[in-house]
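For reference, the chains in residue letters:
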There are 2 protein chains.
Amino acid sequence: MQHTVPEDQVHYLWDEGNEPTLRIESGDEISVETREVSDGQITPESTTEVLGDLDVSRLYPLVGPVYVEGAEPGDTLKVEILSIETRGWGWTAILPGLGLLPDEFPDPYLRIFDLSADTTPLDDVAKIPVEPFFGTMGVCPAGAREQTVMPPGTFGGNMDTRQLVQGSTLYLPVQVEGAHFSCGDAHGAQGDGEVCVTGIEAPMAGTFRLSVEKRTIPAPQWSAPGQLTPRVDDGVFFGTTGVGPDLYVCAQDAVRAMVAHLVETRSLSAEDAYVLASLCVDLKISEIVDAGQYIVSAVLPLAVFA
Amino acid sequence: MQHTVPEDQVHYLWDEGNEPTLRIESGDEISVETREVSDGQITPESTTEVLGDLDVSRLYPLVGPVYVEGAEPGDTLKVEILSIETRGWGWTAILPGLGLLPDEFPDPYLRIFDLSADTTPLDDVAKIPVEPFFGTMGVCPAGAREQTVMPPGTFGGNMDTRQLVQGSTLYLPVQVEGAHFSCGDAHGAQGDGEVCVTGIEAPMAGTFRLSVEKRTIPAPQWSAPGQLTPRVDDGVFFGTTGVGPDLYVCAQDAVRAMVAHLVETRSLSAEDAYVLASLCVDLKISEIVDAGQYIVSAVLPLAVFA
């Protein structure tokens, strides 16, 4: 059975009281059409000035919740991501006070990207692979009352996990009766970490199959098909590292070194280097077991410059 | 110019007073033959009992230091990893009190692996890709006096970074005159994170080209060629996640969920699941910017089961 989730009924908060916009049986397919995360406040014609006037209460418009018959707390909701399709454009911003390096990047910055092809250019310097996914897919958290969408949780939500592309399957721990699945906040591209705080934020269409499984998982799990970014995965990688007792600081140090490297070697402004890191650089925990000194690597596929 | 680093002269500690075992010019090549990390205390015939009697002062036998003429503090040592060759076997152990999940795995456990082929079997359950690298490559830290090898630092050292395979290049910040490059602690396989505290610890042969660059980097950087584990990188991946305010706890939760998944679905003991996670599972920071709630994913290439 196929359904369309009403696209004009969105919610901006997780709340157990949100009325389902659709009720389906386990195994049914749904199609969605979602707004970009600013809810239309940013358009293809926007400039950086728009960032000063954002109404933050309108961030994260999610479609749903979708009520799945038979889903009970303790169950697992299987979300098969059947298709994802961009709507031709998206934006990436540096937002003051947010992101991994807020002290180095205190000023707002906005870029608009064309998502109509397989890659999108960052000026004439890099070609960013377009591999879209929904940044937010989740079930309603137990007891949620006007809970903000930005932080994810064991219920999923704002997972910003780039592996969840078309062909992937996401498993979510059901916390309320009917699961109350919602989604939105799609990205045209993003690296592991989303370091500048945005991917390529984009309106998106998608189809999912939702099924209830009578088993319990502690947090989201997923499977993903093959290479994520086949256009660049076979080429040479460049890595910077952060070493120390705090993984968060390690990640900051690694990204700081990557931004410096990109500015030095690639004719990029610091802002564009940070944006490129958010869209193409993957944060890996290289080791987490060596006497309290950890290494986080920031890894860039150099084929984006080819 | 080609040199052989004396293989019988090893050091177990970083120390500025360690006498160089070789002096070379910038741009020279060196060949090394290194012992596995236990310094011969573990052999292909060893059983778990050996772990109770390890002399820890003999862990991390490193060859070198190699003095590179012209290297000064503030320079960068370029280490081109020209070749790496296994010596046919290696071992992986769970060591009490160490690793990412010490509470769940309080008992010692040892497995011997055959490294004579492209993959090495974990019983008849999984085929682990053999992609060897040196777990420890570093320059002597400034001011080092009997400093243990286990924790790495901005000088490199015990980096346990799986990307540093044959064909890669590592850049290290020189901290003492002559750089004093040492290496050892090679691994036949390891995932990002090395979660059980060991890779496949193995004796290894390698060749490097060492060159001095008159520029300064804050911490190790590297480049790596193409796919790291081409035998499994194109297949399906399975991911578990940890979500929360502490990246270390997120990583623990993700690995805990992966171990549980492997035990449930793959006829593996908990110990072998943990070992497989250490050898094949990569820890990724999926997002690090969402209002203080982070996601670490533990990612397993399912092609190891093919």
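Residues numbered from 1 in each chain as written. Chains lettered and ligands numbered in written order. Predicted model: local features only at pLDDT ≥ 70, side-chain atom pairs only at ≥ 80, totals over all residues. Heavy atoms only, no water.

We now examine the relation of the copies chain B and chain A. Overlaying chain B with chain A gives an RMSD of 0.0 Å, the required rotation being 180 degrees about an axis along which the chain moves by 0.0 Å. On the angle and the small slide along the axis, the relation comes out as a two-fold axis. Looking at the rotation axis and the C-alpha trace of chain B, the residue lying nearest is Lys284(B), at 2.3 Å. Most of the interface of chain B is mirrored in chain A, where 100% of its interface residues again form contacts. (Least-squares fit on C-alpha atoms with pLDDT ≥ 70 in both. Contact = heavy atoms within 4.5 Å.)

In this section: the environment of Leu210(B). Residue and element names in this part refer to chain B. Tracing the backbone through its elements, the reader meets Leu210 in strand 17 (residues 204-213). As for Leu210 and Pro96, which are separated by 114 residues in sequence, their C-alpha atoms are 37 Å apart. Other than its neighbours up to four places away in sequence, Leu210 contacts Ile24, Glu25, Ser26, Gly27, Asp28, Ile30, Val66, Val68, Leu77, Lys78, Val79 and Phe181. (Helix = DSSP H or I, 4+ residues; strand = E, 2+ residues; numbered from the N terminus.)

Counting 202 residues, the largest nonpolar core has Leu77(A) and Leu77(B) as the members making the most contacts within it. When residues no more than four places from it in sequence are discounted, the contact partners of Leu77(A) are Val68(A), Val139(A), Leu170(A), Tyr171(A), Leu172(A), Val174(A), Ala179(A), Phe181(A), Leu210(A), Ser211(A) and Val212(A). (Core = buried A, V, L, I, M, F, W, Y, C linked by side-chain atoms within 4.5 Å. Buried < 20%, exposed > 50% of the residue type's maximum accessible area, 1.4 Å probe, protein only.)

Right, let's get into the interface of chain B and chain A. Listed as interface residues are 59 residues of chain B and, on the opposing side, 59 residues of chain A. Taken together, the two surfaces of chain B and chain A that pack against each other cover about 4,500 Å², and 62% of this comes from carbon and sulfur. It is Trp222(B), Ile285(B) and Val289(B) that lose the most area in chain B upon contact with chain A, and together they represent 14% of the buried surface on that side. Counting every contact that joins chain B to chain A gives zero salt bridges. Where chain B packs against chain A, one counts 18 residue pairs in polar contact (both at pLDDT 80 or more). Residue assignment for the side of chain B that touches chain A shows that the elements contributing at least two residues are strand 18 (221-224), strand 19 (237-244), helix 1 (247-266), strand 20 (282-287) and strand 21 (294-301) of chain B. Top contributing element to the side of chain B that touches chain A by residue count: strand 19 of chain B, with six residues. (Buried area = accessible area lost by both parts, 1.4 Å probe. Salt bridge = Lys/Arg side-chain N within 4 Å of Asp/Glu carboxyl O. Polar contact = N/O pair within 3.5 Å; in protein donor to acceptor, adjacent residues only side chain to side chain.)

Next up on the list: the domain arrangement of chain A. Residues and elements named next belong to chain A. According to the domain assignment, chain A contains domain 1 (2-223) and domain 2 (237-305). Relative to domain 2, the C-alpha centre of domain 1 lies at a distance of 25 Å. Buried area between domain 1 and domain 2, summed over both chains or domains, comes out near 2,200 Å², and the portion from carbon and sulfur atoms is 67%. Interface area lost by domain 1 to domain 2 is led by Leu100, Phe105 and Val125, which between them contribute 26%. If you look at where domain 1 meets domain 2, you find three salt bridges. A salt bridge links Arg162 to Asp282, with the shortest nitrogen-to-oxygen separation between them at 3.1 Å. For the pair domain 1 and domain 2, the number of links is 16 residue pairs in polar contact (both at pLDDT 80 or more). Listing elements by their share of the side of domain 1 that touches domain 2, those giving two or more residues are strand 8 (89-94), strand 9 (109-114) and strand 11 (126-129). For the side of domain 1 that touches domain 2, the element with the highest residue contribution is strand 11, accounting for four residues. A class-by-class count of the residues in the side of domain 1 that touches domain 2 yields 17 nonpolar, seven polar and seven charged. (Domains from an automatic or database assignment. Nonpolar A, V, L, I, M, F, W, Y, C, P; charged D, E, K, R; others polar.)

This part covers the pattern of salt bridges. Residues and elements named next belong to chain B. Within the structure shown, the criterion is met by 37 salt bridges over all chains. A salt bridge links Glu29 to Arg209; the shortest N-O distance between them is 3.2 Å. With a gap of 180 residues between them, Glu29 in strand 5 (residues 29-34) and Arg209 in strand 17 connect regions that are remote in the sequence. With relative accessibility at 26%, the residue Arg209 sits in the partly exposed group. Among the ionic pairs, Arg58 bridges to Asp39, the shortest N-O distance being 3.1 Å. Within this pair, whereas Arg58 is found in the loop between strand 5 and strand 6 (62-68), its partner Asp39 is found in the loop between strand 5 and strand 6, the two being separated by 19 residues in sequence. The exposure class assigned to Arg58 is partly exposed, which follows from its relative accessible area of 31%.

So, on to the side chain of Ser278(A). Residues and elements named next belong to chain A. Along the chain, Ser278 turns up in helix 2 (residues 270-280). Separated by 3.1 Å, the side chain of Ser278 and the backbone nitrogen of Cys196 make a polar contact. Ser278 has contacts with Gln190, Gly191, Glu194, Val195, Cys196, Val197 and Thr198, leaving out every residue within four places of it along the chain.

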